[in-house]
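Descriptive structure summary
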Amino acid sequence: MLIMKFGGTSVGSASAIEKLIQIVSAKKSCGKVIVVSAFSGVTDALIGMSRVAERGDAFDTMLAELGRRHTETAEALLQGVHRAAAIAEIEAQFAKLRRVLDGVYILRELSPRSLDYVMSFGERLSASLIAGCFRARGQEAEYLDSRKLIKTDERYGGAKVFIEETYKNIKKYMAGCLTPQIAAGFIASTRKGAATTLGRGGSDYTAALFGAALDAEIVEIWTDVDGILTSDPKMVKDAFCIDEISYSEAVEMSHFGAKVLYPPTVQPLFEKKIPIWIGNSFNPSAKGTLISSKKVDNPWPVRGISSLGNIALVTVQGTSMVGAAGFSSRLFGSLARHAVNVILITQASSEYSICFAVIPGDIDGALAAVEEEFAAEIRNGLLENPKAQADFAVIAVVGENMKNVSGISGKVFHALGRNGVNVAAIAQGSSEINISAVVAMKDEAKALNSIHEAFFLSGVRSVNLFLVGCGLIGGTLLDQINAQRETLAGHYKIQINICGLANSRKMIFDGGGIPSAEAKALLEASPDVFEINEFTRRMKALNLPNSCFCDCTASKAVAAVYETVLQAAVSIVTPNKKANSGAFDYYKRLTDYSRDRGIPYLYEVTVCAGLPVISTLRDLRLSGDRVLRIEAALSGTLSFIFNNFDGKKSFSALVREAKAKGYTEPDPRDDLNAMDAARKSLILARECGMPLEFSQVDIEPILPQACFNAPSVEAFFTELEKSDADFEERRAAAESDGRRLRYVAVIEEGSARMRLRAEPAESPFRSLVDSDNIVVITTERYSRLPMVIKGPGAGAQVTAAGVLADIVRIARTLV
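Structure report, in brief. (Residues numbered from 1 in each chain as written. Predicted model: local features only at pLDDT ≥ 70, side-chain atom pairs only at ≥ 80, totals over all residues. Heavy atoms only, no water.)

Quick notes on the overall build of the protein
Put simply, the test is: Segments assigned H or I by DSSP are reported as helices when at least four residues long, segments assigned E as strands when at least two residues long, and all are numbered from the N terminus. Whether a residue is buried, partly exposed or exposed follows from its accessible area with a 1.4 Å probe, protein chains only, as a fraction of its type maximum: under 20%, in between, or over 50%, in that order. Should any heavy atoms of two residues lie within 4.5 Å, those residues are considered in contact. By the counting rule applied here, Lys and Arg register as positive and Asp and Glu as negative, while His and the ends of each chain are not counted. Lysine's charge is taken at NZ, arginine's at CZ, aspartate's at CG and glutamate's at CD.
Within the protein, the regular secondary structure consists of 29 helices and 29 strands. Its C-alpha atoms put the protein at 115 × 70 × 55 Å along the principal axes. Counting the 815 residues in the protein, one finds 54% classified as buried. Relative to all contacts within the protein whose residues are 6 or more apart in sequence, the contacts with residues 24 or more apart total 72%. Distance from the positive charge centre (91 side chains) to the negative charge centre (94 side chains) of the protein: 3 Å.

Here you go:
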């Protein structure tokens, strides 16, 4: 015996029904029961027009539209006498439905019993029509009104089935019946014959009841997805189909929101070890998911991650709970008497508090139950008034292979923690098949993606990048990401998704990813005007896991939002020096928050572009070494000028050459004031633990004040030329002593100073070429022979490469 069930989308149109007929016709089983749902959306429409009638409003248009949909489907599928018979049946059913709704309209009353009767029309209409379609194609089929066989109590809207009586009815009816039965799902009746419904997903339950009663070989559930997926594909784009799963795992996943399966479905079949197969009627060749009693091999310890959104937490706490035998019995007994369904329970080991999850509609009932049961304790101050909080979601990590495997919980909560997902409650049964965490509703998708990536993506680590600044550095970074994409994905299993992008004028967002090759063009075409607070608001609203904010500007306004970005559990990568060279208190708040919360804040590129200066200082200090002195040439512009100041050209001529080669800002005074180098020296001093402010950096001026007072760049050069003789005199004096001029930052003994020094031949600063930077670090361990880090300290390519390296570094921490 084969039982097949087709959901609402699988019968929702003429083309879908044609596919259904093809699928059923291909099955060679000698006995078949085909359970069908109402057309997609019909049950909601029936409820809607019932509510409209109850309010005394006109429902005629809604009723006519629903009738037209069924009639048009019949016309598309049937011809001749078959069409006429089907349309006559549809019209007869809608006439009955109208009479019921007229009664509701007149009385302004809609009882649960009446609503169940109205809802039953959906499945009856679809099953009757589909049975006629089979017969019109020369195939035997009979319409089966399931109300005749499935008997329930009078709990309308979610009736409880009388199992033994129902099984007996089904067996008796089906004895010797070889004609395929097209059974209406979802509906049943009381022993008095009143229509009832089986609750959400009740058509699955109908199929399970038939399967268990008839000892079916298998129950097939056809829907609009390829099977049970590792997570909800609407929230987790990388979710994939599970080939096989055990009953226990299916029950856990379906209880916590896996919508392919309705939880009670599994129980009747579980008891008889009848397998269930989930398939896609729109893709019948897909493998689907087989649910059975056998333990299934799984390459991952976790089978899937599901979620149940829109739940509330109720907390009960007080001293009267501690050591009080029977407290839990009283609590949950009172909840049961008030018909409150408890989804999840967790209790502190101190016994001082207990919390449980319910649907929002049960909050009032839960609070009333607790207050009624424990009125004396509350009155005497031994128990606090119960508290309820809404807008939560339960995340359930499910898998039989989790049993006795250490580290699973750690991996789950590490994934949540590093993405800033706060866990309000935790529950795990002794079977170790399910770890459940309650999180804020707004974090549901982020939590699912974080855990799913941690367990299922075979080491693939993704970063969702939000880039501000697409000028020289940011634009080069985009080019490098695009060029390196395949290598990162193929060899290092790192994926960088550009989800937000901005320049000084525009911004663009796409949570699914902006193609890196088209990013600049798409940004230019965007109608959205850039504003940094709006950019960060939209970034946080997307609430993506593994988010990284990258600031490739030199803007104080952008640097000012770093703190709120970190507080949103978003990592930061930046070459912008403004935050770390501004107020010391702000620098400390950023670095402390990053360290304490484990949220990366990476700024390697703020000093010497891609050279590993800051990371080296951190490693030295972490290993217990103490930095005694740092000497450094930190300006590429000043390095070029003084490296080439050998007497062959005047000082002003070298400045003009540096400007022509793009080594300086449009106004060279922005480099020759040494402010940029001073900011870098301040950052290095702070990294060594010195609480300095920028005003405490002692800067020796390179230029006379008249150069800075000049009203234009050309006027500046005129003033500078007047100083050529002074510069040459100083150079010649150094040369006569075998020395060369270099502008050097010195950081030691709690101070930072910038000096124009005459360096001897053996000085490492004499080895500099062109615009190279150099950092000489003297520590307790590196005292006789200081550590030297040297290389290009400026330029779009090396700076962008350093930024990309920090982004990749963040990805590599996602383990």
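What to know about the packing of helix α13 (residues 408-418) against helix α14 (residues 444-456)
Filter applied, for reference: Helix axes are fitted only over the stretch in contact, all axes being lines through C-alpha atoms; the angle between N-to-C directions runs from 0 to 180 degrees. Should an angle fall under 35 degrees it is taken as roughly parallel, and over 145 as roughly antiparallel, whereas 65 to 115 is taken as roughly perpendicular and any remaining angle as oblique. Helix crossings fall into two classes, left-handed where the near helix is turned counterclockwise from the far one by less than a right angle and right-handed where it is turned clockwise.
Relative orientation of the contacting elements α13 and α14 amounts to 135°, with a least axis distance of 8 Å. Considering their axes alone, α13 and α14 lie oblique with respect to each other. Here the hand of the crossing between α13 and α14 comes out right-handed. Contacts between α13 and α14 involve I408, K411, V412, A415 and L416 on the former and, on the latter, A447, S450, I451, A454 and F455.

Points about the sheet that holds strand β25 (residues 698-699)
Definition in use: Pairing between two strands requires that DSSP report at least two bridges joining them.
Here we have six strands laid out as an open sheet, ordered β25-β27-β26-β24-β28-β29, and mixed in their pairing. Looking at strand neighbours, the two that pair on one side only are β25 and β29 (787-792), the edges of this open sheet. With six bridges joining them, strand β28 (residues 772-779) and β29 adopt antiparallel strand pairing. In the sheet register, D772 faces β29, and the bridge partner there is P792. Packed on one face of the sheet, helix α22 (residues 636-643) meets β24 (627-633), β26 (740-748), β27 (751-759) and β28 and runs near 145° to β26. With respect to the sheet, helix α28 (residues 724-736) is in contact with β26 and β27, its orientation differing from that of β26 by roughly 85°.

Considerations on the packing of aromatic side chains
Selection criterion: Only centres within 6.5 Å qualify two rings of Phe, Tyr or Trp (six-membered ring in Trp) as a pair; their planes then separate them into stacked at under 30 degrees, edge-to-face at over 60, and tilted for everything else.
In total, this model carries 23 aromatic pairs according to the counting rule given. Relative to F456, the ring of W300 lies with its centre 5.4 Å away and its plane at 75°, an arrangement referred to as edge-to-face. You can see W300 sitting in the loop between β11 (289-292) and β12 (304-317) and its partner F456 sitting in helix α14, a full 156 residues away along the chain. Under the relative-accessibility criterion, W300 is labelled partly exposed at 25%.

Side note on the sheet that holds strand β13 (residues 344-347)
Strand order across the open sheet formed by six strands is β13-β14-β12-β15-β17-β16, with antiparallel pairing between neighbours. Looking at which strands have only one partner, the edges of the open sheet turn out to be β13 and β16 (423-428). Shown here is a sheet whose adjacent strand axes are inclined to one another by a mean of 30°, direction ignored. Pairing of β13 with strand β14 (residues 353-358), which is carried by four bridges, proceeds in the antiparallel orientation. Paired with T346 across the strands is C355, a residue of β14. Contacts from helix α8 (residues 247-255) reach β12, β15 (387-398) and β17 (434-440) within the one sheet, and its direction differs from that of β12 by about 60°. Across the face of the sheet, helix α10 (residues 327-337) comes into contact with β12, β13 and β14 while running at roughly 25° to β14.

A short note on the environment of S281
Using the following cut-off: Polar contact criterion, stated in full: a pair of N or O atoms within 3.5 Å, where within protein one must be able to donate a hydrogen and the other to accept it, and residues adjacent in sequence count only if both atoms are side-chain atoms.
One can find S281 in the loop between β10 (276-280) and β11. A relative accessible area of 2% places S281 in the buried class. Sequence spacing of S281 and I23 is 258 residues, and the spatial spacing of their C-alpha atoms is 7.6 Å. Ignoring any residue separated from it by four or fewer positions in sequence, one finds S281 in contact with F6, S10, K19, I23, W222 and T223. Within the structure, S281 has its side chain in polar contact with the side chain of S10 (distance 2.7 Å).

Observations regarding the pairing of β27
Regular strands show a simple pattern: their side chains alternate between the two faces of the sheet. Sheet analysis places β25 next to β27, joined by two bridges and oriented parallel. Bridge assignment links D698 to a residue of β27, and that residue is R753. Relative to β27, β26 runs antiparallel, the two sharing nine bridges. Residue pairing across strands places L741 opposite A758, the latter belonging to β27. In this structure, the hairpin formed by β26 and β27 is closed by a connection of two residues, where E749 is found at a positive phi of approximately 50°.

Things to note about the packing of helix α6 (residues 163-174) against helix α7 (residues 202-213)
In plain terms, the rule: Asp, Glu, Lys and Arg are counted as charged, while Ala, Val, Leu, Ile, Met, Phe, Trp, Tyr, Cys and Pro are counted as nonpolar; the rest, among them Gly, fall into the polar class.
Orientation of α6 relative to α7, taken along the N-to-C sense of each, is 70°, at an axis distance of 9 Å. Comparing the axis directions of α6 and α7 gives the class roughly perpendicular. Facing α6, whose interface residues are I163, Y167, I170 and K171, α7 presents Y205, L209, F210, A212 and A213. Partitioned by chemical class, the residues of the contact of α6 with α7 number eight nonpolar, no polar and one charged.

Re empty space enclosed by the protein
Heads up, the condition is: Only protein atoms enter the 1 Å grid used here, on which a cavity is any set of points holding a 1.4 Å probe that cannot leave and a pocket is any open set flanked by protein within 12 Å on both sides along at least five of seven lines; residues with an atom within 4 Å of a point are listed as lining. Grid points are joined across faces, edges and corners, and a volume is the space filled by probe spheres set on the points.
Throughout the structure, instances matching the rule amount to two cavities of 30 Å³ or more. The calculated volume of the largest cavity comes to roughly 80 Å³. Around the largest cavity, the lining comprises 14 residues; the ones closest to its centre are A633, S635, L638, S639 and Y743. The set of elements that each furnish at least two residues to the lining of the largest cavity consists of β24, α22 and β26. The biggest single contributor to the lining of the largest cavity is α22, with four residues.

Brief notes about the pairing of β13
Of the two faces of β13, the one holding L344 and T346 is buried and the one holding I345 and Q347 is not buried anywhere. In sequence, β13 turns back onto β14 through a hairpin of five residues, with E351 there showing a positive phi of about 65°.

Some points on α8
Going by this rule: The arc in question is traced by the directions running from the helix axis to the C-beta atoms.
Of the positions making up α8, those classed as buried are Y247, E249, A250, M253 and S254. One side of α8 holds all its buried residues, which, seen down the axis, span an arc of 160°. Residues of α8 that are buried in the fold lie against β9 (244-246), α9 (266-272), β10, β11, β12 and β15.

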